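# Survey of secondary and tertiary structure
Okay, here's what each chain looks like letter by letter:
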Amino acid sequence: MADMDVALKDALQLDGALAVAIVDWNSGMALATAGGGFGFDVSVAAAANTEVLRAKLRTLDMLGLREGVEDILVTLDSQYHLIRPITAPDGGGLFLYLALNRDRANLAMARHRLRIIERQLEI
């Protein structure tokens, strides 16, 4: 099992990783962050992406779909943003947020690695 700091460092090792956070989607507050800088405020991005996750969960509810969200991908011109809810019993209400440089990242590898990090994360 990995604690938050180890999980964040692991995520930043991905090719193209710009920033990562563990976020409480009830409050929008980042519990832990790593990376960012150069005009990229990971705390602001994490809080704003809380709304993306909330909107998706509301949509699933309105549609009557009893599905879990594995991850959400937002594709920008130069970046990928991944949102992955934490499914561990002690991680309810939290998600991992990862921003990647699109030119340097391998999206399939990033999704795979984030899945592993999420499973190993100890809150």
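Whatever comes next refers back to the structure up there.
All of these numbers come straight from a predicted model, not from anything done at the bench.

A word on the overall build of the chain. Summing up its helical and strand segments, the chain has three helices and five strands in all. Secondary structure of the chain in N-to-C order comes out as α-β-β-α-β-β-β-α. Per-residue burial for the chain yields a buried fraction of 42% across its 123 residues. Roughly 6800 Å² of accessible area belongs to the chain as shown, and the carbon and sulfur atoms make up 51% of that amount. In the chain, which carries 12 positive and 16 negative side-chain charges, the distance between the mean positions of the two groups comes to 5 Å.

Let us now look at the environment of Val69. Locating Val69 in the fold gives a position in the loop between helix 2 (42-63) and strand 3 (72-75). When its relative accessible area of 15% is taken as the criterion, Val69 is described as buried. Taking the C-alpha atoms as reference points, Val69 and Arg84, 15 residues apart in sequence, are found 7.6 Å from one another. If we ignore the near neighbours within four places in the chain, the residues touching Val69 are Lys56, Leu57, Leu60 and Pro85.

Attention shifts here to the sheet that holds strand 5 (residues 94-101). Each strand in a sheet pairs with another by means of backbone hydrogen bonds, the pair being arranged parallel or else antiparallel. Pairing within the open sheet is antiparallel, and its five strands lie in the order 2-1-5-4-3. Of all the strands in the sheet, just strand 2 (30-35) and strand 3 have a single pairing partner and so form its edges. Averaged over neighbouring strand pairs, the angle between their axes works out to 10 degrees when direction is ignored. The strands touched by helix 1 (residues 4-12) within the sheet are strand 1 (17-24), strand 2 and strand 5, with strand 1 carrying the most contacts at an inclination of about 150 degrees.

For strand 4 (residues 79-85), the tally of buried residues reaches seven of seven residues, placing the bulk of the element in the interior. Residues Gln79, His81, Ile83 and Pro85 point to one face of strand 4 and Tyr80, Leu82 and Arg84 to the other, with burial holding for every one of them. Alignment of strand 3 against strand 4, held across four bridges, turns out to be antiparallel. Paired with Leu73 across the bridge in strand 4 is Leu82. If you look at the hairpin formed by strand 3 and strand 4, you'll find three residues sitting between the two strands. Here seven bridges tie strand 4 to strand 5, and the two strands are oriented antiparallel to one another. Opposite Gln79, over in strand 5, you have Asn101 as the bridge partner.

Rules used throughout
- Residues numbered from 1 in each chain as written.
- Predicted model: local features only at pLDDT ≥ 70, side-chain atom pairs only at ≥ 80, totals over all residues.
- Heavy atoms only, no water.
- Helix = DSSP H or I, 4+ residues; strand = E, 2+ residues; numbered from the N terminus.
- Buried < 20%, exposed > 50% of the residue type's maximum accessible area, 1.4 Å probe, protein only.
- Areas by Shrake-Rupley, 256 points an atom, 1.4 Å probe, with all protein chains shown as cover.
- Lys, Arg positive; Asp, Glu negative; His and termini not counted.
- Charge placed at Lys NZ, Arg CZ, Asp CG, Glu CD.
- Contact = heavy atoms within 4.5 Å.
- Pairing = 2+ DSSP bridges.
- Axes fitted to C-alpha atoms, helices over the stretch in contact; angles between N-to-C directions.

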